[in-house]
Amino acid sequence: FVNSDTVHKVGAEKWDGPGLAVQYIDVEGPLNPTWPPESHRRIFGDLAQKTFRNNNYGDRVEVVSDRPPGDAERILTAFTRRAFRRTVTAGDVAPFVAIVQAKLAEGYTFEPAMRAALKGVLISPEFLFLRERPGKLDDFALACRLSYFLWSTMPDDELFTLAEQQKLSQPDVLRQQVERLLASPKAAAFTENFVGQWLALRAIDATEPSHILYPEFDHLLKVSMIRETEL
């Protein structure tokens, strides 16, 4: 096929050269080999499930609980620990447990009540921002800075555990963790983000060399230019 710029200049509706026209695409999914998927189990664990009749969705499978207050507190404690990226107290979790109790009192079933509380966690400033205190960084703040700087994502279980044990600020442990994070494939995010911002490689598609002046330039060369810089 010709260069897409050529088609763009002529106009797709007037183009009479070789090409491929796609009328529509159907996408079906998600297709889970098993239910519930891992993402669901990481929140709700192995709680029992039940089918409910729903006017909008037909039969709907939901998690159910024989002891909603206890299960809600347990699930939300584990969830807020990851969302807030630190150890949480009963006081941290209490407002979200209260959401579950309020929804259950309104007639909600257990899973929709839990979903309301989980949404509450995800709009909390403790999740949306890194709320660090002035002064020396504590171990959880250190874990977050390491992880978001080198991996562009939240700390993993090993960093969390060391932070909870207040070992991460020990120089030998800190050096060991920096080396571990850099050796991980996740560290590619640091390289891509660093050169992407510093050298503006994210904007490489903003312009394209003239195929007349630079006939040797193609997509492979463009990708290679970025990769060479990252390496």
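It should be noted that the structure appears before, not after, this text.
All figures in this text were calculated on a predicted structure; none of them were measured in a lab.

Trainee: How should the packing of aromatic side chains be read in this particular structure?
Mentor: Where two aromatic rings form a pair, the distance of their centres and the angle of their planes describe that pair. Under the counting rule described, the total for this entry stands at 4 aromatic pairs. Centre to centre, the rings of Phe84 and Phe96 are 6.3 Å apart; their planes meet at 65°, and the pair counts as edge-to-face. Residue Phe84 is located in helix H3 (residues 68–84), and its partner Phe96 is located in helix H4 (residues 90–105); the two are separated by 12 residues in the primary sequence. The two residues Phe84 and Phe96 agree in class, both being buried. Ring geometry for Phe149 versus Phe190: centroids 5.0 Å apart, planes at 70°, classification edge-to-face. You can see Phe149 sitting in helix H7 (residues 139–150) and its partner Phe190 sitting in helix H10 (residues 188–198), a full 41 residues away along the chain. Judged by relative accessible area, Phe149 falls into the exposed class, the value being 52%. Overall, the relative accessible area of 24% leaves Phe190 in the partly exposed class. Within the aromatic cluster, the residues linked to one another by ring pairs are Phe149, Phe190, Phe194 and Trp198. Here Arg81 stacks its cationic end above the ring of Phe160, 4.9 Å away from the centre of that ring.

Trainee: When you look at the pattern of salt bridges in this model, what are you seeing that I'm missing?
Mentor: Between side chains of opposite charge, a pair can form when the charged atoms approach closely. Summed over the entire model, instances satisfying the criterion amount to 16 salt bridges. One salt bridge connects Arg74 with Asp71, and the closest N-O pair in it is separated by 3.1 Å. Note that Arg74 and Asp71 are positioned in helix H3 at a spacing of 3 residues, about one turn of the helix. Residue class for Arg74 comes out partly exposed when judged on its relative accessible area of 44%. Between Glu230 and Arg227 there is a salt bridge, with its nearest N and O atoms 3.1 Å apart. On the criterion of helical spacing, the pair formed by Glu230 and Arg227 is a turn pair, its members being 3 residues apart in helix H11 (residues 219–230). A relative accessible area of 45% means that Arg227 is categorised as partly exposed. Residues joined in a network through salt bridges with shared partners are Arg60, Glu62, Glu111 and Arg115.

Trainee: How should I be thinking about H11 in this particular structure?
Mentor: An α-helix turns once per 3.6 residues; consequently, residues spaced three or four apart project the same way. The first and last C-alpha atoms of H11 sit 17 Å apart over 12 residues, in line with the 16 Å expected at 1.5 Å per residue. At the N-terminal end of H11, a side-chain oxygen is found 3.3 Å from the backbone nitrogen of Leu220, two or three residues along, and the residue is Asp218.

Trainee: Just checking my understanding: could you explain the nonpolar core for this structure?
Mentor: What tends to happen in soluble globular proteins is that the nonpolar side chains get buried as a cluster. By size, the foremost hydrophobic cluster in this structure holds 20 residues, and its most contacted members are Leu76, Val100, Phe110, Met114 and Val121. Counting only elements with at least two residues in this core, the list comes to H3, H4 and helix H5 (110–122). Look past the residues within four positions of Val100 in its chain and what remains in contact with it is Ala72, Leu76, Ala113, Met114 and Ala117. Judged by nonpolar contacts, the second largest core, of 14 residues, contains Phe140, Ala143, Leu168 and Ala187.

Trainee: It is not clear to me how unusual backbone geometry should be interpreted in this structure. Could you clarify?
Mentor: Of note, Arg85 is a non-glycine position whose phi angle comes to about 60°, a positive value. Relative accessible area serves as the criterion here: at 5%, Arg85 is assigned to the buried category. Unlike most non-glycine residues, Ser152 shows phi in positive territory, near 60°. For Ser152, the location among the structural elements is in the loop between H7 and helix H8 (157–164).

So, how was this worked out
Residues numbered from 1 in each chain as written. Predicted model: local features only at pLDDT ≥ 70, side-chain atom pairs only at ≥ 80, totals over all residues. Heavy atoms only, no water. Phe/Tyr/Trp six-rings, centres within 6.5 Å; stacked < 30°, edge-to-face > 60°. Helix = DSSP H or I, 4+ residues; strand = E, 2+ residues; numbered from the N terminus. Buried < 20%, exposed > 50% of the residue type's maximum accessible area, 1.4 Å probe, protein only. Lys NZ or Arg CZ within 6 Å of the ring centre and 35° of its normal. Salt bridge = Lys/Arg side-chain N within 4 Å of Asp/Glu carboxyl O. Expected span 1.5 Å × (residues − 1). Polar contact = N/O pair within 3.5 Å; in protein donor to acceptor, adjacent residues only side chain to side chain. Core = buried A, V, L, I, M, F, W, Y, C linked by side-chain atoms within 4.5 Å. Contact = heavy atoms within 4.5 Å.

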